[in-house]
Amino acid sequence: MFSGYDFDVIQRSLPYLFREGMTFTLTLTALAMAGGIFFGTLLAMMRLSRFPLLNLPAGAYVNIMRSVPLVLVIFWFYFLVPYIAAWIIGAPRPVAVGAFLSCVITFMMFEAAYYCEIMRAGIQSIPRGQVQAGSALGLNYWQTMGTIVLPQAFRNMTPVLLTQTIILFQDTSLVYVISVTDFLGAASKIANRDYRLVEMYTFAAVVYFVISFSLSLVVKRLQAKMAIIR
Amino acid sequence: MAMIEIKDVSKWYGSFQVLANCSTTVDKGEVVVVCGPSGSGKSTLIKAVNGLEPFQKGNISVDGVSLTAKDTNLSKLRSRIGMVFQNFELFPHLSITENLTLGQIKVLGRPKDEAVTRGLKLLDRVGLIEQKDKYPGQLSGGQQQRVAIARALSMDPIAMLFDEPTSALDPEMINEVLDVMVQLAQEGMTMMVVTHEMGFAKKVAHRVIFMDKGEIVEDATKDDFFGKPRSERAVQFLSKILQH
């Protein structure tokens with residue numbers, strides 16, 4: 001039944017697939033996760049603030065980002081950001097941002113909205129008495145957040161944050177719409193060049209599955225290990 | 001000399017009044033017990049003293065520093081007032097030693113080794129030195145509350161506030177906490193204690209404040225309060241909790 005297929009193409013293209021494609025995918029995932037969690041945490045703190053000047057814009061941002069398809073955001077950033085950047089700095093023509101940087105910014109901003117909601121739940125899961133105990137010791141807002149609330153929130157939320165990161169890892173494949181060579185992009189290029197669509201797309205699916213599934217097993221083990229004794 | 005001065009303090013949650021024109025003072029070295037039925041506003045009042053519960057009317061000053069004045073550094077003032085909570089509120093992700101040193105290092109700016117020395121000395125004083133490397137979740141409620149008292153003392157407070165320190169404890173653990181508090185009172189610490197432990201009040205309190213429905217109904221010396229309470233409500237309250 002496999003007579004018409006040539007699975008050798010996979011082996012021949014392995015260096016290209018992994019050295020170029022997977023490196024891009026993993027770098028993008030790591031940067032988007034780090035930036036997303038950082039900005040997401042700030043957004044969560046803003047959303048939980050009692051000042052409307054902070055919580056309203058943060059809420060609007062998160063709701064907009066979560067209501068727009070990722071592909072659209074990728075497109076939008078890629079084609080519009082050069083013009084906006086030019087407008088902001090007053091340059092006469094669009095600023096060349098580059099595909100990679102554009103992807104990194106897009107995913108950071110998009111994922112920040114999702115990480116924000118996770119961190120918001122994490123912060124809210126810390127009893128109010130903990131904050132009061134911090135205040136009673138004389139800690140200010142940032143000290144209380146930094147030493148008492150956020151460390152506990154991160155710990156409680158690590159499994160969910162990692163699960164979101166697995167989703168992010170899969171979503172990075174959408175950068176193919178702006179013709180970037182991520183793992184799927186690399187596979188797709190070979191597939192079209194050699195006309196080996198079935199082989200390449202099957203292989204790509206298997207690789208995504210193996211990585212995502214083993215990561216989710218890691219998350220499961222972590223979950224049992226991390227729980228704080230109360 | 002008045003250490004804590006509470007003047008005409010009122011607080012509302014929406015239209016519901018939780019504190020109604022409360023006024024009293026706690027002198028330096030004085031131990032004042034605040035009691036009353038649940039919902040009478042005693043926890044709110046004690047949390048108002050270090051600004052954890054904001055209030056709409058009146059003023060509180062501690063050691064001459066007004067809580068409501070605009071130029072008051074509230075964090076700094078709080079660092080000088082020790083507070084012990086009903087639910088201990090130790091930081092579960094930090095070891096006992098770290099719980100004892102966090103405030104000293106971050107707020108008072110003490111070097112780490114000095115903070116550890118001070119913290120462990122107080123931990124030894126509450127009889128828990130061998131627990132120094134454990135985490136709060138590994139300790140019993142009574143032990144956690146004693147650590148919480150040591151944590152508050154590690155900041156070298158000018159006064160201590162206790163918000164029902166024994167009401168979340170199993171009966172057999174209440175005394176170990178009360179013993180620490182009695183010792184503290186006998187050393188001359190200024191204390192304001194919300195509690196139902198009338199034995200503690202009889203033993204070390206100088207004054208007893210009785211609250212009901214957000215009002216300070218009775219503010220009397222210990223002997224007057226237990227000997228000849230003047231208000232009807234205090235008499236009823238005492239008869240209910242002292243009959244066993």
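Parameters and conventions
- Residues numbered from 1 in each chain as written.
- Chains lettered and ligands numbered in written order.
- Predicted model: local features only at pLDDT ≥ 70, side-chain atom pairs only at ≥ 80, totals over all residues.
- Heavy atoms only, no water.
- Contact = heavy atoms within 4.5 Å.
- Buried area = accessible area lost by both parts, 1.4 Å probe.
- Salt bridge = Lys/Arg side-chain N within 4 Å of Asp/Glu carboxyl O.
- Polar contact = N/O pair within 3.5 Å; in protein donor to acceptor, adjacent residues only side chain to side chain.
- Helix = DSSP H or I, 4+ residues; strand = E, 2+ residues; numbered from the N terminus.
- Nonpolar A, V, L, I, M, F, W, Y, C, P; charged D, E, K, R; others polar.
- Buried < 20%, exposed > 50% of the residue type's maximum accessible area, 1.4 Å probe, protein only.
- Pairing = 2+ DSSP bridges.

Draft legend 1. Quick peek at the interface of chain A and chain B. Contact residues are listed per partner, giving 21 residues for chain A and 23 residues for chain B. Counting the surface chain A buries against chain B, the share from its top three residues, A:Q132, A:A136 and A:L137, is 31%. At the junction of chain A with chain B, the criterion picks out zero salt bridges. Inspection of the region where chain A meets chain B yields six residue pairs in polar contact (both at pLDDT 80 or more). Where the side of chain A that touches chain B is concerned, the elements lending two or more residues are α5 (128-136) and α6 (141-171) of chain A. The element that contributes the greatest number of residues to the side of chain A that touches chain B is α5(A), accounting for eight residues. A breakdown of the residues in the side of chain A that touches chain B according to their chemical character gives eight nonpolar, 10 polar and three charged.

Draft legend 2. Spatial organisation of the pairing of strand β8 (residues 191-194) of chain B. Residues and elements named next belong to chain B. On β8, burial covers both faces: M191 and V193 on one face and M192 and V194 on the other are all buried. With four bridges joining them, strand β3 (residues 31-35) and β8 adopt parallel strand pairing. Opposite V32, over in β8, you have M192 as the bridge partner. Across four bridges, the pairing between strand β7 (residues 159-163) and β8 is parallel. Considered in β8, the bridge of D163 is made with V194.

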